[in-house]
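# Understanding the architecture of this molecule
Each chain, letter by letter, is given below.
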Amino acid sequence: MKRDRIKVYSLESVQDAGGGFNPDQRVLYWETAATVKAAKVKRDLQSYQTDLEIPMEFKVMFRRDKNVTKNMIISYEDQDYTIHSIVNVDQDSKDLLLTGITRA
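Residues numbered from 1 in each chain as written. Predicted model: local features only at pLDDT ≥ 70, side-chain atom pairs only at ≥ 80, totals over all residues. Heavy atoms only, no water.

The next point concerns the nonpolar core. Counting 16 residues, the largest nonpolar core has I6, V36, F58, V60, I74 and Y76 as its most contacted members. For this core, the secondary structure elements donating two or more residues are β1 (4–15), β2 (21–38), β3 (56–61), β4 (73–76), β5 (79–88) and β6 (95–102). When residues no more than four places from it in sequence are discounted, the contact partners of I74 are I6, K7, V8, F58, Q79, D80, Y81, I83 and L98. (Core = buried A, V, L, I, M, F, W, Y, C linked by side-chain atoms within 4.5 Å. Buried < 20%, exposed > 50% of the residue type's maximum accessible area, 1.4 Å probe, protein only. Helix = DSSP H or I, 4+ residues; strand = E, 2+ residues; numbered from the N terminus. Contact = heavy atoms within 4.5 Å.)

Caution applies to low-pLDDT parts of the model: their predicted coordinates are not meant to be read in detail. Confidence in the prediction for the chain averages 84 pLDDT; 82% of positions are at 70 or higher. Mean pLDDT across the elements of the chain bottoms out in helix α1 (residues 43–46) (55) and peaks in β4 (96). (pLDDT = per-residue confidence, 0-100.)

Its place among the elements puts Y9 in strand β1. Accessibility expressed as a relative area gives 14% for Y9, which makes it buried. When neighbours within four sequence positions are excluded, Y9 is seen to be in contact with R26, V27, L28, Y29, M72, I73 and S75.

Right, dumping it as structure tokens:
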């Protein structure tokens, strides 16, 4: 199965040159390969779905040094997705399945 590049961003307060802080700035947290496909629409995702949105599943290899959380953003093919769920696919922690919803 084809793997595509995705970027995962965290939102952080970044200090500016004047000593102040800019809240909610996108900071690249992780760039990795993922298997990407449209998510099977489940009942809990239907409330998020509109005619223009298709929930996407991003399957990435698990890394102990990366801690992906729901308040991060996935960027894929010039589209941003909020993370709706994070599922450890198997008992051996080999893969994570991230379900993303199109950001408005």
